[in-house]
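Report on the structure
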Amino acid sequence: MKKLHLMISAALVVAASTSVMAQSKFEKDHTASFKANGQAGMDRLERDDTQKFCSDPAALAGKGDPKKREAIEKANMATIKQPSDGKYLGDWKEGERIAQSGRGATWTDKAGTPNGGGCYNCHQINKKEISHGNIGPSLWNYGKVRGNSDAVVQYTWGKIYNSKAYNACSNMPRMGHYKLLTEEQMRHVMALLLDPASPVNQ
């Protein structure tokens, strides 16, 4: 019995070692297939716990460990920072410009250049826009339908800041968390969605 136990233990060690080696080889090959260029550095290959969890197809499909999902959403919720001056809405016209722009953060963009939100890549926002994505829900009449209560305003800010707080494997970028948009830019996008004068809410 003792000999069998030792054999099983040895087999498990070998299997574990092989797994680690295979994982290490994958990581090595994965890293080798990229190169730093401009402001796009190799640090972009580093994944946090959220990204690792959502790399599992089951988790991406809304399955996976529910406790792990809950913990990830809670951790992301803790990263959300409210506006430093308490003001949530800016200029909807600037918000439209930011929503239209998909530029920024690529190796061809100059470091320090303001990013766009690229919102139309995934959402319909303005009915007059003839080209938009459908990965995300339509945001047409966003404020008109939902109103502008404190709860709606804070939820919308949080969703833009870090969408993973509400859905661990959301396709939406974490605009505030990763500083893809500045606080001021986020205010402008908020106004596009919630300002009664915005064409989105007509």
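Scroll up a little and you will see the structure.
The structure presented is a predicted model; accordingly, all values stated were derived computationally and were not measured.

Right, let's talk about the side chain of arginine 69 for a bit. Relative to the helices and strands, arginine 69 is located in helix α4 (residues 66-77). One buried charge, arginine 69, has no salt-bridge partner; the nearest side chain with opposite charge is glutamate 73, at 4.7 Å. Within the structure, arginine 69 has its side chain in polar contact with the backbone oxygen of lysine 63 (distance 3.0 Å). When neighbours within four sequence positions are excluded, arginine 69 is seen to be in contact with Phe53, Ala59, Gly62, Lys63, Asn167, Ala168 and Cys169.

Glancing now at the packing of helix α7 (residues 150-161) against helix α8 (residues 183-194). Orientation of α7 relative to α8, taken along the N-to-C sense of each, is 130°, at an axis distance of 10 Å. With respect to α8, the element α7 is oriented oblique. Every pair of crossing elements has a handedness; the one defined by α7 and α8 is right-handed. Between α7 and α8, the residues in contact are Val152, Val153, Thr156, Trp157, Ile160 and Tyr161 and Glu183, Met186, Arg187, Val189, Met190, Leu193 and Leu194, respectively. Counted by class, the contact of α7 with α8 contains 10 nonpolar, one polar and two charged residues.

Definitions and limits used
Residues numbered from 1 in each chain as written. Predicted model: local features only at pLDDT ≥ 70, side-chain atom pairs only at ≥ 80, totals over all residues. Heavy atoms only, no water. Helix = DSSP H or I, 4+ residues; strand = E, 2+ residues; numbered from the N terminus. Buried < 20%, exposed > 50% of the residue type's maximum accessible area, 1.4 Å probe, protein only. Lys, Arg positive; Asp, Glu negative; His and termini not counted. Salt bridge = Lys/Arg side-chain N within 4 Å of Asp/Glu carboxyl O. Polar contact = N/O pair within 3.5 Å; in protein donor to acceptor, adjacent residues only side chain to side chain. Contact = heavy atoms within 4.5 Å. Axes fitted to C-alpha atoms, helices over the stretch in contact; angles between N-to-C directions. Parallel < 35°, antiparallel > 145°, perpendicular 65-115°, else oblique. Left-handed = near helix turned anticlockwise from the far one by under 90°. Nonpolar A, V, L, I, M, F, W, Y, C, P; charged D, E, K, R; others polar.

So yeah, pure geometry; function would need other evidence.
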